[in-house]
Amino acid sequence: MIAVTVLRDGDRISGFESCGHAGFADSGKDIVCAAVSILIINTVNSMEEFTGQVFGTESEDGHIYCTLAKPYDQDAQLLLNAMVFGLQNIRQEYGKKYLRLDFKEV
């Protein structure tokens, strides 16, 4: 199962953590894992390319941790909310067995 925790600071997203593997299919054929990975990596890359948001990431073997510095950039928030929306849709389509999505106030 992939576990994603979205860190919230009031009504803003201040970061997220993702770890694990979906286990939907064999390695290389797991569309749930691929979809989640693409959403997360594209969000991080897009924040870097298209926003002024200062943030840090750590990643290792299917685990990524991303934290944003204040002030929170409005464009980065849009990208992060789009990522969460996509994750919710994947979870709805494929089920809780493969993707857990939690929210944590920090």
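Reading the values: rules and limits
Residues numbered from 1 in each chain as written. Predicted model: local features only at pLDDT ≥ 70, side-chain atom pairs only at ≥ 80, totals over all residues. Heavy atoms only, no water. Phe/Tyr/Trp six-rings, centres within 6.5 Å; stacked < 30°, edge-to-face > 60°. Helix = DSSP H or I, 4+ residues; strand = E, 2+ residues; numbered from the N terminus. Buried < 20%, exposed > 50% of the residue type's maximum accessible area, 1.4 Å probe, protein only.

Draft legend 1. Quick look at the packing of aromatic side chains. Taken as a whole and assessed by the stated rule, the structure comprises two aromatic pairs. Relative to Y94, the ring of F24 lies with its centre 5.3 Å away and its plane at 80 degrees, an arrangement referred to as edge-to-face. Of this pair, F24 sits in the loop between strand 2 (12-19) and helix 1 (31-50) while Y94 sits in helix 2 (residues 74-94), placing them 70 residues apart in sequence. By relative accessible area, which is 33% here, F24 ends up partly exposed. A centroid spacing of 5.1 Å and a plane angle of 80 degrees characterise the contact between F24 and Y98, whose relative ring orientation is edge-to-face. Pair noted here: F24 is in the loop between strand 2 and helix 1 and Y98 is in the loop between helix 2 and strand 5 (99-105), with a separation of 74 residues, a long-range link. Among the aromatic residues, those joined into a cluster by ring pairs are F24, Y94 and Y98.

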